[in-house]
Amino acid sequence: MSGRDSAEGIVGGHKPVMGPDVLRSRRPERKGERTGMGQADATGQKTGETLNDEDSGEASKCVVSRDHGQTSDMSGQERRSATEGLMERILARENMSDALKRVLANKGAGGVDGMTVDELKPHLMTHWPGIRKRLMSDTYQPAPVRTVEIPKPNGGVRQLGIPTVLDRLLQQAVLQVLTPIFDSGFSESSFGFRPGRSALQAVQKAKQHVAEGYGYVVDIDLENFFNTVNHDILMGMVRSKIADVRVVKLIRKYLTAGALVGGLTTPTEQGTPQGGPLSPLLSNILLDLLDKELEKRGLPFARYADDGNIYVKSQRAGERVMASISEFIEQRLKLKINWDKSAVDRPSKRKFLGFTIGVNGKTSPAKKSIATFRGKVRRITAPTKGLNIEQVFEKLNALLRGWLNYFRHCDTPSILKRLGEWVRHRVRMIQWRLWKRSRKRYEELIKLGVNEETARMTVGSAKGPYRIAQSPALHIGLNLKWFESYKMPDFVCNS
């Protein structure tokens, strides 16, 4: 092993001596590793097969090609040839060093072996040569993931699969090399987990479609997507661009590593567990098949990971698209659709990435997003929390900064204004309760600039905290400047 790929070079020890470049792999492909799908493409669709669909009453034809609509100056074979020796690029010192920095910065819990992020560097100093040798010789075996259930905001749980910190490092290294290879071919209407793209850009794309006159949305909900990904279809897509068999087999090993549940390891025959760095890219690789199908049919859409909407101009066209695209998803991609959550409707009646899109493409926080936000504020400002006002603002400001950074880009400032008034009302209530005794309340109101008569009348009132929080005395004393002194973010819409 050359100095540039040594453990010291990766974990930031002494400056390594630069050795000769690692030779590119010349390992021949094994039988069955080259195409994997015979004469059919990765979805099972035969080359040249014609599909029919209608958009807004007009029929359009599309031909499913072997490269699934992806265009490039290079042929498929040339693209694959460019990825020979990919394992050497993944394990190169610079790439591994960048991956290590990312894993250490992300922190996170340990996997089934109990190793923490802080223990990763010392482990690599001792064991990296052997790990690298096993990866190069295709004998490395990933550990099973540790399963953790995370409650969903609207009920139910989301199952995460947490790899060991070593496997997170290796997955991150693979991700950094594979992303440029696959991302350049992804759809312009795909925004999830891609460099330089965000959920707000997906919302802007959806907003654009509605403003252009597409007044109906086909909202197809994929049921338990990350746990139902078909490995054979996904690996067919990976093999179509990756020539290095060692990398292809390593990805397959990560998909089938299994999960530790109740002390027992259960095999994983489908799905790409959330929690590992590779999972988002693999999901995009599979769903790119859907994106290309929509593009071939001329259907405008916006997608962020497994959350996507298709836009049409009439209810009837939406129902036709729902039927044909659902068949494609279930038959070609082998994914499940949650029919209880799927529908054809007006965009203003559906939620996309926390927003609803009204007439002329105006966006506003969805009702469910507002309800979830209000619930979090209520928990922070509950009288039973036992927090002082500084602690209340510390927790509240953290929530507000994240929520407002996302939703202040809406087109409905009146909604944010009302939410701001409601949050301030909740804080005035909790401050009134924290003062507790009448004498304390009177003294604090005077300090805050309330005149004696108004302070005396407010303290002597028999009204409860909810009504008192609406009183002139608390609006004078606990005014906007008072909230600014605790650095509470402004509820301002930056449309």
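Structural notes, computed from the coordinates. (Residues numbered from 1 in each chain as written. Predicted model: local features only at pLDDT ≥ 70, side-chain atom pairs only at ≥ 80, totals over all residues. Heavy atoms only, no water.)

Contact geometry of helix α5 (residues 120-136) with helix α6 (residues 165-183) gives a least axis separation of 12 Å together with a crossing angle of 60°. It follows from the interaxial angle that α5 and α6 lie oblique. For the crossing formed where α5 meets α6, the hand is right-handed. Of α6, the residues touching α5 (which contributes L120, H123, L124, W128, I131 and L135) are V165, L166, L169 and L170. Here the residues of the contact of α5 with α6 are counted per class, giving nine nonpolar, one polar and no charged. (Axes fitted to C-alpha atoms, helices over the stretch in contact; angles between N-to-C directions. Helix = DSSP H or I, 4+ residues; strand = E, 2+ residues; numbered from the N terminus. Parallel < 35°, antiparallel > 145°, perpendicular 65-115°, else oblique. Left-handed = near helix turned anticlockwise from the far one by under 90°. Contact = heavy atoms within 4.5 Å. Nonpolar A, V, L, I, M, F, W, Y, C, P; charged D, E, K, R; others polar.)

Buried within helix α16 (residues 452-459) are the following residues: A455, T458 and V459. Here the buried residues of α16 occupy an arc of 95° about the axis, which is enough to place them on one side. Of the exposed residues in α16, those oriented more than 90 degrees away from the buried face are E453 and M457. Contact partners of the buried residues in α16: α14 (413-435), α15 (438-447), α17 (465-468) and α18 (472-477). Its side-chain oxygen at 3.3 Å from the backbone nitrogen of E453, N451 defines the N-terminal cap of α16. (Buried < 20%, exposed > 50% of the residue type's maximum accessible area, 1.4 Å probe, protein only. Arc of directions from axis to C-beta. Polar contact = N/O pair within 3.5 Å; in protein donor to acceptor, adjacent residues only side chain to side chain.)

Looking now at the sheet that holds strand β8 (residues 301-304). If you trace the four strands from one edge of the open sheet to the other, you get β8-β9-β5-β10, paired in antiparallel fashion. Every interior strand has two partners, whereas the edge strands, β8 and β10 (343-345), have only one. Across this sheet, the average inter-strand angle for adjacent strands is 15°, counted without regard to direction. Direction of pairing for strand β5 (residues 216-219) relative to strand β9 (residues 307-312): antiparallel, over a ladder of four bridges. If you follow Y216 over to β9, its bridge partner there is V312. Along the sheet, helix α7 (residues 199-211) makes contact with β8 and β9, crossing β8 at roughly 165°. (Pairing = 2+ DSSP bridges.)

Here we come to the sheet that holds strand β3 (residues 145-151). The strand order across the open sheet formed by four strands is β4-β3-β6-β7, and the pairing between neighbours is mixed. With partners counted over all chains shown, the strands left at the sheet margins are β4 (157-162) and β7 (264-266), one partner each. With direction set aside, neighbouring strand axes in the sheet form an average angle of 45°. Sheet topology note: the β3/β4 ladder contains six bridges and is antiparallel.

Moving on, we come to the side chain of Q172. Relative to the helices and strands, Q172 is located in helix α6. In this view, Q172 contacts A99, R102, V103 and P277; residues no more than four positions away in its chain are not counted.

Scanning all chains against the criterion turns up 18 salt bridges. A salt bridge links K253 to D138; the nearest nitrogen and oxygen atoms lie 3.6 Å apart. Residue K253 is found in helix α9 (residues 245-255), and its partner D138 is found in the loop between α5 and β3; the two are separated by 115 residues along the sequence. Owing to a relative accessible area of 16%, K253 belongs among the buried residues under this scheme. When the shortest N-O distance is used, the salt bridge between R246 and D244 registers 2.8 Å. (Salt bridge = Lys/Arg side-chain N within 4 Å of Asp/Glu carboxyl O.)

Phi is mostly negative for residues that are not glycine, and the peptide bonds are mostly trans. Positive phi values are uncommon outside glycine, yet K107 reaches one of about 55°. Tracing the sequence through the fold places K107 in the loop between α4 (93-106) and α5. Of note, D138 is a non-glycine position whose phi angle comes to about 65°, a positive value. By relative accessible area, D138 is classed as buried at 12%.

On to the packing of aromatic side chains. Scanning all chains against the criterion turns up 13 aromatic pairs. Arranged with centres 5.0 Å apart and planes meeting at 85°, the rings of W482 and F483 form a pair that is edge-to-face. The buried category is assigned to W482, whose relative accessible area is 10%. Under the relative-accessibility criterion, F483 is labelled buried at 2%. (Phe/Tyr/Trp six-rings, centres within 6.5 Å; stacked < 30°, edge-to-face > 60°.)

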